Amino acid sequence: MDTNTPASGGFKGGLGSLFGGGTPEYSNTGVPLTGMSPLSPYLNVDPRYLVQDTDEFILPTGANKTRGRFELAFFTIGGCCITGTAFGTLNGLRMGLTETRGMPWSKPRNVQILNMVTRHGASWANTLGSVALLYSVFGVAIEKARGAEDDLNTIAAGTLTGMLFKSTAGLKGAARGGVIGLAMSGLYALYNNWDHLKGRSPSHY
């Protein structure tokens, strides 16, 4: 009977290690596995390899972790075109319903409303898409020229975009466009840095 005691203890120890109990175990590198519940006692895995303290994606050599202005230009232009189309469509529908209020529901009224919707949708999409294209081109050019990416590029690109977009209205129109672009880009830069500004102490202002 006494000869079975070690085997019984070894059997219990095997079950304890199988279900995460028993005495503390150590990996091949000497790292204690106390507090861990391995899937199986037969898997010799160093727990240090299970810690994900680095990024899970691979970047090309010299690439940044954030997208640059050139990559964001496509999203900006496309988003502005879609936004302009949606806004112009709703505005054209509103104007079409208003102008044809006295007409009965018929084919001529439907055609007139449809013309208003398509005309205003295309006009707003063209306008916002052109502004986004100018802003992206200026932003990329300024970034390449300065060799840095900061809020100064955003403000400069917004100011130049407003000036060029309204340049057909003369010097006064270009000046007004530049002021509008400066104000909008400044508000955008302030929005991007709002959390950073809130975290500052009042003595830094």
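Criteria and cut-off values
- Residues numbered from 1 in each chain as written.
- Predicted model: local features only at pLDDT ≥ 70, side-chain atom pairs only at ≥ 80, totals over all residues.
- Heavy atoms only, no water.
- Helix = DSSP H or I, 4+ residues; strand = E, 2+ residues; numbered from the N terminus.
- Buried < 20%, exposed > 50% of the residue type's maximum accessible area, 1.4 Å probe, protein only.
- Contact = heavy atoms within 4.5 Å.
- Areas by Shrake-Rupley, 256 points an atom, 1.4 Å probe, with all protein chains shown as cover.
- Phe/Tyr/Trp six-rings, centres within 6.5 Å; stacked < 30°, edge-to-face > 60°.
- Lys NZ or Arg CZ within 6 Å of the ring centre and 35° of its normal.
- 1 Å grid on protein atoms, 1.4 Å probe; cavity = no way out; pocket = protein on both sides within 12 Å on 5 of 7 lines; lining within 4 Å.
- Points joined across faces, edges and corners; volume = space filled by probe spheres on them.
- Nonpolar A, V, L, I, M, F, W, Y, C, P; charged D, E, K, R; others polar.
- Domains from an automatic or database assignment.

Engineer: Got a minute to help me understand the overall build of the chain in this structure?
Structural biologist: A count of helical and extended segments in the chain gives 6 helices and 0 strands. Starting at the N terminus and ending at the C terminus, the chain contains elements arranged as α-α-α-α-α-α. Looking at the chain as a whole, 21% of its 205 residues are labelled buried. Within the chain, contacts between residues at least 6 apart in sequence are counted, and of these 47% link residues at least 24 apart. On the chain, roughly 15,300 Å² of surface is accessible, and the fraction owed to carbon and sulfur atoms is 65%.

Engineer: Quick question: what am I supposed to make of the packing of aromatic side chains here?
Structural biologist: The geometry of an aromatic ring pair is captured by the separation of the ring centres together with the interplanar angle, meaning the angle of the planes. Scanning the entire structure with this criterion turns up 2 aromatic pairs. Considering the side-chain rings of Phe70 and Phe74, the 5.4 Å spacing of their centres and the 85° angle between planes classify their relative orientation as edge-to-face. Residue Phe70 and its partner Phe74 are located together in helix α2 (residues 69-99), separated by 4 residues, close to a single helical turn. By relative accessible area, Phe74 is classed as exposed at 57%. Positioned above the aromatic ring of Trp105 is the side chain of Arg109, whose terminal nitrogen or guanidinium carbon lies 4.0 Å from the ring centre.

Engineer: It is not clear to me how the layout of surface pockets should be interpreted in this structure. Could you clarify?
Structural biologist: Remark: the empty space left among the atoms is shown by a probe the size of a water molecule rolled over them. Put simply, the largest pocket is a space of about 1,300 Å³. Lining the largest pocket we find 38 residues, and of these Arg69, Thr76, Tyr135, Thr154 and Tyr188 sit closest to its centre. If you list the elements that add at least two residues to the lining of the largest pocket, you get α2, α3 (107-146), α4 (151-165) and α5 (170-192). Top element by residues in the lining of the largest pocket is α3. It accounts for 10 residues. For the lining of the largest pocket, the class distribution of residues is 14 nonpolar, 15 polar and 9 charged. Composition of the lining of the largest pocket by domain shows at least three residues from each of domain 1 (67-147) and domain 2 (149-194).

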